[in-house]
Amino acid sequence: MTAYDVIVLAGGAAKRLGGADKPGLRVGGRALLDRVLSACADAAVTVVVGGRRATARPVVWTREVPEGGGPLAALGAGLRLTTAERVLVLSADLPFLGRGTVDALLTAAGEPGREGALCTDPDGRDQPLVAAYRAEPLRRELALIATEHGSLAGLPLRLLTAELDLARIDAGPDASFDCDTWDDIAAARARIREHGAVLDEWITSVKNELGIDLDVDTALLLDLARDAAHGVARPAAPLTTFLVGYAAARASAGAGPDEAAAAVAEAARKATDLALRWEAEAEAETEASGGEAAGAGSSGGGTADGTAGGVGRDAGREGTGTP
């Protein structure tokens, strides 16, 4: 993928959220801004237009002039700090933006004759803040708009998109889902806890929290945890997966993500084989002891009270013969 820069618009008054710090609101334990930044982590330059705050990765900060001047003014301020041929433009309140959408936008923006690409929502509306633009026509149109209107402050984004030849990308309902109200925040928080999404969301959140850039084979590790719990003991599951991670880290020290992923897979394979051997051994012991018990029950003479080998049912108790 050709290098690209990204501009994230993180200003605005968030009036429908009562003036809350929207980029800092958490969904799935991560700030909305950090969730957006994770979708474009390989950008050459990341410019965030808004008030400074702690972020999960380094960014370049700037502010629109005047502050609160709206999205076109913010875009203009961010664009001055970029140099790549293509510029990804995102709002800071997209909890479900994924790498697939970013790649689709950048690819479409690079098609011959196109000046950019943007997402459309399920109702077919353009989303100019989920978009990728060619830098040269973007600069040209912003300059023309500023000349015509005296500045970019307070102007709507449609003045820009109407003049550009843009591809439209239908990325599904999640990619362009933004959080403008508390109901939106609640819906986003509920959605990531749905059965089909919660595990992937959790793994992604943990990787971001720990600074791990690694494709985790979730099914492989879950199978390992299941085999350890079933074949050894339930506490063996979390302890085994921890040890697998530790072993993989040692084996892949200084290596890249692909080598690290391979080390995890190899360590998990070894641990799984061991857990299955433990299970097979335990089953063999169970079968053997069961056979011995059956043999003991069929050999030797019975006594008057029906016990085998002259041993009463209360043998081994203190004070045999109790009722």
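Just above, that's the structure.
Residues numbered from 1 in each chain as written. Predicted model: local features only at pLDDT ≥ 70, side-chain atom pairs only at ≥ 80, totals over all residues. Heavy atoms only, no water.

## Overview of the overall build of the protein
1) Next: Counting its secondary structure elements, the protein contains 11 helices and 9 strands.
2) Next: Put simply, the protein has 323 residues, and 39% of those count as buried.
3) Next: In the protein, 63% of the contacts between residues at least 6 apart in sequence involve partners at least 24 apart.
4) Next: If you sum the accessible surface of the protein, you get close to 17,600 Å²; carbon and sulfur atoms cover 54% of it. (Helix = DSSP H or I, 4+ residues; strand = E, 2+ residues; numbered from the N terminus. Buried < 20%, exposed > 50% of the residue type's maximum accessible area, 1.4 Å probe, protein only. Contact = heavy atoms within 4.5 Å. Areas by Shrake-Rupley, 256 points an atom, 1.4 Å probe, with all protein chains shown as cover.)

## Thoughts on the sheet that holds strand 9 (residues 166-170)
1) Next: Read across the open sheet, the 7 strands follow the order 5-4-1-6-8-7-9; overall the sheet is mixed. Of all strands in the sheet, those bounded by a partner on one side alone are strand 5 (60-62) and strand 9. On average, each strand axis in the sheet is tilted by 25° relative to the strand beside it, whichever way the strands run.
2) Next: Inspection of the sheet shows strand 7 (residues 116-120) paired to strand 8 (residues 126-134) by 5 bridges, in the antiparallel sense. Within strand 8, the position partnered with C119 by the bridge is Q127. (Pairing = 2+ DSSP bridges. Axes fitted to C-alpha atoms, helices over the stretch in contact; angles between N-to-C directions.)

## So, the pattern of salt bridges
1) Next: The final tally for this structure, using the stated rule, is 19 salt bridges.
2) Next: Between R99 and D103 there is a salt bridge, with its nearest N and O atoms 2.6 Å apart. Taken together, the positions of R99 and D103, both in helix 3 (residues 99-109) and 4 residues apart, correspond to about one turn of that helix.
3) Next: With relative accessibility at 27%, the residue D103 sits in the partly exposed group. (Salt bridge = Lys/Arg side-chain N within 4 Å of Asp/Glu carboxyl O.)

## Some thoughts on the side chain of R57
1) Next: Positionally, R57 belongs in the loop between strand 4 (45-49) and strand 5.
2) Next: Here L37 takes part through its backbone oxygen, which lies 3.1 Å from a polar atom of the side chain of R57.
3) Next: Those residues in contact with R57, other than ones at most four positions away along the chain, are V6, L37, C40, A41 and T46. (Polar contact = N/O pair within 3.5 Å; in protein donor to acceptor, adjacent residues only side chain to side chain.)

## Points about the packing of helix 9 (residues 218-231) against helix 10 (residues 236-251)
1) Next: Contact geometry for helix 9 and helix 10: axes closest at 8 Å, N-to-C directions at 135°. Looking at the two axes, helix 9 sits oblique to helix 10. Considering the relative orientation of helix 9 and helix 10, their crossing is right-handed. Across from L221, L224, A225, A228 and A229 in helix 9, the residues of helix 10 making contact are A236, A237, T240, T241 and V244.
2) Next: Grouping the constituent residues of the contact of helix 9 with helix 10 by class yields 8 nonpolar, 2 polar and no charged. (Parallel < 35°, antiparallel > 145°, perpendicular 65-115°, else oblique. Left-handed = near helix turned anticlockwise from the far one by under 90°. Nonpolar A, V, L, I, M, F, W, Y, C, P; charged D, E, K, R; others polar.)

## Things to note about the packing of helix 2 (residues 71-79) against helix 4 (residues 135-149)
Between two packed helices, both the angle of their axes relative to each other and the distance between the axes serve to describe the pair.
1) Next: Following both chains from N to C, one finds helix 2 and helix 4 inclined at 130°, their axes separated by 11 Å at the closest point. The orientation of helix 2 with respect to helix 4, classified from their angle, is oblique. Crossing of helix 2 over helix 4 shows left-handed handedness. Packed against helix 2, whose contacting residues are L72, L75, G76 and L79, the element helix 4 presents L138, R139, L142 and I145 at the interface.
2) Next: Considering only residue class, the contact of helix 2 with helix 4 consists of 6 nonpolar, 1 polar and 1 charged.

## Describing the packing of aromatic side chains
1) Next: What the rule picks out here adds up to 2 aromatic pairs.
2) Next: On the basis of an interplanar angle of 25° and a centroid distance of 6.5 Å, the ring pair of F242 and Y246 is categorised as stacked. Of this pair, F242 and Y246 are both found in helix 10, 4 residues apart, which corresponds to roughly one turn of the helix.
3) Next: Residue class for F242 comes out exposed when judged on its relative accessible area of 53%. (Phe/Tyr/Trp six-rings, centres within 6.5 Å; stacked < 30°, edge-to-face > 60°.)

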